[in-house]
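# Coordinates in review
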Amino acid sequence: MAFFDRLASGSRREKRTFALAIFVGGAALLLDGATKIFFERHLHLGERIPVLPGWFDLTLVRNTGAAWSLFAGHGSWLLIVALVMAAAIFRYFRALTENCPERYYAVWLILAGIAGNSIDRLWRGAVVDFLSFHYFDAYYYPVFNVADIAICVGTGIYLFSTFCRKSPPGEEK
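So, here's what we can say about the structure. (Residues numbered from 1 in each chain as written. Predicted model: local features only at pLDDT ≥ 70, side-chain atom pairs only at ≥ 80, totals over all residues. Heavy atoms only, no water.)

Turning to the sheet that holds strand β1 (residues 48-52), a few remarks are in order. Pairing within the open sheet is antiparallel, and its 4 strands lie in the order β1-β2-β3-β4. At either end of the open sheet lies a strand with only one pairing partner, and these are β1 and β4 (139-140). (Pairing = 2+ DSSP bridges. Helix = DSSP H or I, 4+ residues; strand = E, 2+ residues; numbered from the N terminus.)

So, in structure tokens, the structure goes:
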């Protein structure tokens, strides 16, 4: 409990926000795991099920790399990078959140995404992806999963907060 007290050592409101942000991150992690298990059980590797023909399919793939299959085959290095990033986030949690409620959600969503894809690398040896957006057969966006969405949404919230919040008086960004 001391670990979490150090991360959210402020007011009662901050601790409530912190707890709710952990819940949101945990829900994202559970949703990520549940969807991966569901699609692994109901789709064959490479199978495409059109949901919105010409725009969106459910397609089961395994990615041994990072986004866009960068560093494919180097899953152990990607796992180490993920663990270092998660450790850095925990180490600098207070500085990252600056007592801004939306940043708690952002950070916990990013951590949930890191955890979801790291669990895949450890358990399956590759990340399971299944959401495929495309423009007919002309352009395909890389297939992704709920953990990837959590990382992107968390990063978006964090960046939006960083650019839109005013600095405290006497402090420049």
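By secondary structure assignment, the location of I157 is in helix α6 (residues 146-164). For the pair I157 and F38, spaced 119 residues apart in the sequence, the C-alpha separation amounts to 28 Å. Once residues lying within four places of it in the same chain are set aside, the contact partners of I157 are E102, A106 and L109. (Contact = heavy atoms within 4.5 Å.)

What follows deals with helix α5 (residues 101-123). With 23 residues, α5 ought to run about 33 Å at 1.5 Å a step, and its terminal C-alpha atoms sit 33 Å apart, in line with that. Count one or two residues on from α5 and you reach G125, which has phi positive near 80°. (Expected span 1.5 Å × (residues − 1).)

This brings us to the side chain of R103. Counting through the fold element by element, R103 comes out in helix α5. Under the relative-accessibility criterion, R103 is labelled buried at 4%. At 3.0 Å, the side chain of R103 and the side chain of E98 are in polar contact. (Buried < 20%, exposed > 50% of the residue type's maximum accessible area, 1.4 Å probe, protein only. Polar contact = N/O pair within 3.5 Å; in protein donor to acceptor, adjacent residues only side chain to side chain.)

With respect to burial, strand β2 (residues 56-63) is a largely interior element, 6 of its 8 residues being buried. When β1 meets β2, the two strands line up antiparallel, connected through 4 bridges. Opposite I49, over in β2, you have L58 as the bridge partner. Taken together, β1 and the strand that follows it, β2, pair antiparallel across an intervening segment of 3 residues, in which G54 is found at a positive phi of about 85°. Taken together, the 6 bridges between β2 and strand β3 (residues 127-135) define a ladder with antiparallel strand orientation.

Residues F18, A21, A82, A86, I89, F93, Y104, V107, W108, I110, L111 and I114 constitute the largest nonpolar core, which totals 12 residues. Of all the secondary-structure elements, those providing two or more residues to this core are α2 (12-42), α3 (75-91) and α5. Top contributing element to this core by residue count: α5, with 6 residues. In contact with I89, not counting residues within four places along its chain, are L96, V107, I110, L111 and I114. (Core = buried A, V, L, I, M, F, W, Y, C linked by side-chain atoms within 4.5 Å.)

Okay, α3 next. For α3, with 17 residues, the first-to-last C-alpha span of 24 Å sits near the 24 Å given by 1.5 Å per residue. The inward-facing, buried residues of α3 abut α4 (93-97) and α5.

Right, let's get into the state of the cysteines. Under the defined criterion, the tally for this structure stands at 0 disulfides. Of all cysteine sulfurs, the one in C164 lies closest to C100, which takes part in no disulfide; the gap is 12 Å. C100 sits in the buried class, given a relative accessible area of 7%. (Disulfide = S-S within 2.5 Å.)

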